[in-house]
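Observations on chain architecture
Residues per chain, in single letters:
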Amino acid sequence: MLVRPEQLWTEKYRPRTVDQITGNHAKAKEVLKWIEDWINGKRDKKAILLYGPPGTGKTATVHAIAAQLGLDILEVNASDKRNAESIKNIVGAASIQASLLSSKIRIILIDEVDGISGTEDRGGINELIKILKSTVNPIIMAANDPWSPNLRSIRDLCLMVQYRRATPASVLSILKKICELEGVKYDEAALKKIAEASGGDIRSAINDLQFFAEGVGKLREEDIIFSGSRDRTAQVFEALKQLFEAKNLDSARTAYNMLDMDYDMFFKWVAENAYLHAKTPGELENVYDYLSKADMLLSRIIRTNNWSILKYFILFLTAGVSFSVTDKYGYKKYLFPSWINLLSASKKKRQLVENICLKVKVKCHISVKKAYSVFLPFLKIIFQNNTNKAVKLAEYFEFTDEEVNWLTGRLKN
Ligand SMILES: Nc1ncnc2c1ncn2[C@@H]1O[C@H](COP(=O)(O)OP(=O)(O)OP(=O)(O)O)[C@@H](O)[C@H]1O
Ligand SMILES: [Mg+2]
């Protein structure tokens, strides 16, 4: 399910001016000065390359500057259009036309330029170099990893500006501000926990905040029980990468093994992101064909308790999907599955899950986080498949009827 961007707090609270860029503020001002110099005819370097970790404000800086100076942006995502022709057509044409049509400059933003670093894209890089040398508009490029050998000649032509991870203190200050604007009450410790888990990625910190805070009266430290979600997200990205880049059956099939996640959730991740790898509608059709087969198998497994067919479910979901698509490599912005479902998960449901985890914690002497990530998936499988065991477990953990209903899947989100 797709989410409208304006529903995301990262979008709602993206910096509107350079002054609102936190942490890398001095860098953003450097970029602003470079653009102002360009407007004034001082053009030592034709392009600038912003580089550094995700969620630190590279793209946000360019948008804030454009808004502040009233300039238009022509935005190309280099990893979407990975060939010489399209870079040439889009960026090349734009950089010449603008000078003919109006005297006003436009900022050309070539985002995720590390996405064109593969050898098949040499042509793309050559085109880019030509454009960098002849452009009449300022070009800003952004990348996470600027050190790939293929980008060497580009680096020489650019002013390099490094963005750094935000410190926990600056992440904290952003989170506080958003809470105030959203009317979310909070314990300082809760926000600190999110800030620390973010590893300096402001985008992920804001996403986490939205996930935990929406629908809650007051955000308490105990609410942040899924703070491992960052690590898990990184792990899923790895697994998806292995799945889609797989060259043989085994490496596709084993992508799932590295994860500590239930089948249903992994299915959702694959279903949400597979389209990113499809080059044609035909490929997409094959993807959905395999997904629906996998989906049917999984519900049959749960209904009949016949786990011997699990291997076919895995095979369809991994190799079936992977070999249906041909756009295998390069950076892909994977999305959390069904953000909307998670965001709209009511406070009540979250409370329910938290209570189950707390009970497991007390009886098993483990952390709530472990109860959530390791025990909960197993409990769900047992409750959905083995009534006798479920009854005993429910007694042992003292689960309420509502909690039991949730575990058996009878209580929908
Ligand atoms: N320095 C910052 N100050 C304030 N908000 C920020 C900052 N950096 C990121 N954000 C928030 O995170 C969102 C995403 O940031 P942005 O798109 O600029 O990241 P990026 O550095 O371009 O990451 P990527 O490398 O993944 O493209 C912004 O819309 C904003 O809400
Ligand atoms: Mg960006």
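What counts and how
Residues numbered from 1 in each chain as written. Chains lettered and ligands numbered in written order. Predicted model: local features only at pLDDT ≥ 70, side-chain atom pairs only at ≥ 80, totals over all residues. Helix = DSSP H or I, 4+ residues; strand = E, 2+ residues; numbered from the N terminus. Buried ≥ 20, exposed ≤ 12 C-beta atoms within 10 Å, placed from the backbone. Contact = placed C-beta atoms within 7 Å. Near = placed C-beta within 6 Å. Nonpolar A, V, L, I, M, F, W, Y, C, P; charged D, E, K, R; others polar. Arc of directions from axis to C-beta. Pairing = 2+ DSSP bridges. Axes fitted to C-alpha atoms, helices over the stretch in contact; angles between N-to-C directions. Expected span 1.5 Å × (residues − 1). Bend = angle between axes of the 7 residues up to and from the residue. Parallel < 35°, antiparallel > 145°, perpendicular 65-115°, else oblique. Left-handed = near helix turned anticlockwise from the far one by under 90°. pLDDT = per-residue confidence, 0-100.

**Focus on the overall build of the protein**
- A count of helical and extended segments in the protein gives 19 helices and seven strands.
- By residue count, 33% of the 413 residues in the protein fall in the buried class.
- Within the protein, contacts between residues separated by at least 24 positions form 77% of all contacts whose residues are at least 6 apart in sequence.

**Here we look at the site of ligand 1**
- Near ligand 1, the surroundings consist of 21 residues, among which R14, P54, G57, T59 and A60 are the closest.
- Secondary-structure elements contributing two or more residues to the shell around ligand 1 are α3 (58-69) and α9 (202-213).
- Across the shell around ligand 1, the residue classes tally to nine nonpolar, nine polar and three charged.

**Things to note about helix α12 (residues 263-273)**
- Looking only at α12, the buried set comprises F266, F267, W269, V270 and N273. Looking straight down α12, one finds its buried side chains confined to an arc of 160 degrees; they lie on one side.

**So, the pairing of strand β1 (residues 47-51)**
- Where burial is concerned, most of β1 is hidden: five out of the five residues are buried.
- Side chains A47, L49 and Y51 project from β1 onto one buried face, and the interleaved I48 and L50 project onto a second face that is buried too.
- As paired elements, β1 and strand β5 (residues 158-162) share five bridges and run parallel to each other. Note that in β5 the partner of L49 across the bridge is M160.

**A few points about the sheet that holds strand β4 (residues 139-143)**
- Taking strand neighbours across the sheet as the criterion, the five strands line up as β2-β3-β4-β1-β5 in an open arrangement whose pairing is parallel. The open sheet is flanked by β2 (72-77) and β5, the only strands paired with a single partner. Neighbour-to-neighbour, the strand axes of the sheet open up by a mean angle of 20 degrees, direction not taken into account.
- Contacts from helix α2 (residues 25-39) reach β1, β3 (106-111) and β5 within the one sheet, and its direction differs from that of β5 by about 160 degrees.

**A look at the environment of E272**
- Structurally, the position occupied by E272 is in helix α12.
- Distance in space between the C-alpha atoms of E272 and F336 is 7.6 Å, their sequence separation being 64 residues.

**Things to note about helix α14 (residues 310-322)**
- If you check α14, its first and last C-alpha atoms are 18 Å apart, about what 13 residues at 1.5 Å a residue would give, namely 18 Å.
- Maximal helix bending in α14 amounts to about 30 degrees, located at F316.
- Among the residues making up α14, those that are buried are F313, I314, F316, L317, T318, A319, G320, V321 and S322.

**Description of the packing of helix α7 (residues 168-182) against helix α8 (residues 188-197)**
- Two elements in contact, α7 and α8, have axes whose closest approach is 9 Å; the angle formed by their N-to-C orientations is 130 degrees. Put simply, α7 runs oblique to α8. Crossing geometry of α7 relative to α8 is assigned as right-handed. Counted together, P168, V171, L172, L175 and K176 of α7 and L191, K192, I194, A195 and E196 of α8 form the full contact between these two elements.
- Each residue belonging to the contact of α7 with α8 can be placed in one class, and the counts come to seven nonpolar, no polar and three charged.

**Looking at the confidence of the model for the protein**
- Looking at the protein, pLDDT values average 82 and 82% of them are 70 or higher.
- Across residues 1-5 the pLDDT falls below 50, and counting only partners more than four positions away or on other chains, this stretch makes seven contacts in the model.
- Below a pLDDT of 50 lies the segment residues 339-344, which in the model reaches nine contacts outside its immediate sequence neighbourhood of four places, other chains included.

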